[in-house]
Amino acid sequence: MSSALVAVSALGATQAGAQTAPAQATAPVPAQTPEAFIQSITNEVMATVKSDKAIQSGDLRKITAVVDAKIMPNVNFVRMTAAAVGPAWRRATPDQRLRLQNEFKTLLVHTYAGAASQVKDQVIEYLPSRARATDTDVVVRTVVKGKGDPIQLNYRLEKAGNAWKVYDVNVLGAWLVQTHQSSFAQEINASGIDGLISKLAERNRQLVAKNAAN
């Protein structure tokens, strides 16, 4: 449901309540189901990608703007980065944590920029939920179907108050956080947290050069 539709619905409910019982408080809005939350984000992002030829051609500036505007507000990226970094996160300074988040996000954007050009006529199937209505930590399971083989794409979500946040993604059976944990740990053991930051920054520069050459 779009934010505009939510606003209209809320206004209608308030006006109806005012006509019948002015002193009655408005009932709280039910929380979105995890599946509806993911579907809302996915539909909005896919619509944006399909309507922007620059994104489809791999324009990193445009892709980053879409990530910042439509994806990052719905992601607990602090938790995601902390989990990927592991125990070393606890001893990182605030500045190191911020740099780790920035470099990790940039790495993910560069790594998956090519996927934007592949968004064509895919259909996303939402598999039956295994969660209970009272659960606050759930997995939403989906399958992306297009011309090629179906792609498993699952999301780990946490509930904070009345809102859901993504904190991990599984593509073809591999969780994103777990994929990076071992390499991050090796780099930290070899050269510390600043060494990991430098390694990520170097990798990002390489990916920028590679994408620019394509």
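As a reminder, the structure under discussion sits directly above these lines.
Computed from a prediction, not measured in an experiment: that's the story for all the values here. (Residues numbered from 1 in each chain as written. Predicted model: local features only at pLDDT ≥ 70, side-chain atom pairs only at ≥ 80, totals over all residues. Heavy atoms only, no water.)

Scanning the protein chain from terminus to terminus reveals seven helices and five strands. Each helix and strand of the protein chain, ordered N terminal to C terminal, gives the series α-α-α-α-α-α-β-β-β-β-β-α. For the protein chain, the proportion of its 214 residues judged to be buried stands at 33%. Partitioning the contacts of the protein chain with sequence separation of at least 6, the portion at a separation of at least 24 is 53%. (Helix = DSSP H or I, 4+ residues; strand = E, 2+ residues; numbered from the N terminus. Buried < 20%, exposed > 50% of the residue type's maximum accessible area, 1.4 Å probe, protein only. Contact = heavy atoms within 4.5 Å.)

For the rest of this paragraph, the subject is the sheet that holds strand β5 (residues 174-175). With antiparallel pairing, the five strands of this open sheet are ordered in space as β1-β2-β3-β4-β5. On the outer flanks of this sheet lie β1 (123-126) and β5, each paired with one strand and no other. Taken together, the four bridges between β1 and strand β2 (residues 137-145) define a ladder with antiparallel strand orientation. Bridge pairing in β2 links E125 to V143. (Pairing = 2+ DSSP bridges.)

The next subject is the nonpolar core. Across soluble globular proteins, nonpolar side chains show a tendency to be buried alongside one another. Counting 42 residues, the largest nonpolar core has M80, V85, L100, F104, L157 and V166 as its most contacted members. Looking at this core, the elements that each hand over two or more residues are α2 (34-50), α4 (60-71), α5 (77-85), α6 (94-116), β2, β3 (151-160), β4 (163-171) and α7 (176-213). Per-element accounting of this core gives the leading share, nine residues, to α7. Dropping the residues within four chain positions of it, F104 is found in contact with F77, M80, T81, A84, L176, H180, F184 and L200. (Core = buried A, V, L, I, M, F, W, Y, C linked by side-chain atoms within 4.5 Å.)

So, on to the pairing of β3. Here β2 pairs with β3 via eight bridges, running antiparallel. The residue of β3 that forms the bridge with R141 is N154. Once β2 ends, the chain turns through five residues before running back antiparallel as β3. Where β3 and β4 come together, eight bridges link them in antiparallel fashion. Considered in β4, the bridge of N154 is made with N170. In this structure, the hairpin formed by β3 and β4 is closed by a connection of two residues, where G161 is found at a positive phi of approximately 70°.

This part is about α2. Between the first and last C-alpha of α2 there are 24 Å, a value that for 17 residues agrees with the 24 Å anticipated at 1.5 Å per step. Buried within α2 we find P34, E35, F37, I38, I41, T42, V45, M46, T48 and V49. (Expected span 1.5 Å × (residues − 1).)

Moving on, we come to the pattern of salt bridges. One pass over the full model with this rule turns up ten salt bridges. Put simply, D52 and K62 hold a salt bridge, and the shortest N to O gap is 3.1 Å. Taken as a pair, D52 in the loop between α2 and α3 (53-56) and K62 in helix α4 lie far apart in primary sequence, ten residues in all. One continuous salt-bridge network, built from bridges that share partners, spans R79, D137 and E158. (Salt bridge = Lys/Arg side-chain N within 4 Å of Asp/Glu carboxyl O.)

Here we come to the environment of D137. Mapped onto the fold, D137 is located in strand β2. What makes D137 partly exposed here is its relative accessible area of 41%. With 30 residues separating them in the primary sequence, D137 and Y167 have C-alpha atoms 10.0 Å apart. The residues touching D137, leaving out its near neighbours within four places in the chain, are R79, L157 and Y167. At 2.8 Å, the side chain of D137 forms a polar contact with the side chain of Y167. (Polar contact = N/O pair within 3.5 Å; in protein donor to acceptor, adjacent residues only side chain to side chain.)

This paragraph deals with the pairing of β4. In terms of strand pairing, β4 meets β5 through two bridges, oriented antiparallel. Within β5, the position partnered with V171 by the bridge is A174. In sequence, β4 turns back onto β5 through a hairpin of two residues, with L172 there showing a positive phi of about 55°.

In short, shape yes, function no, at least from these values alone.
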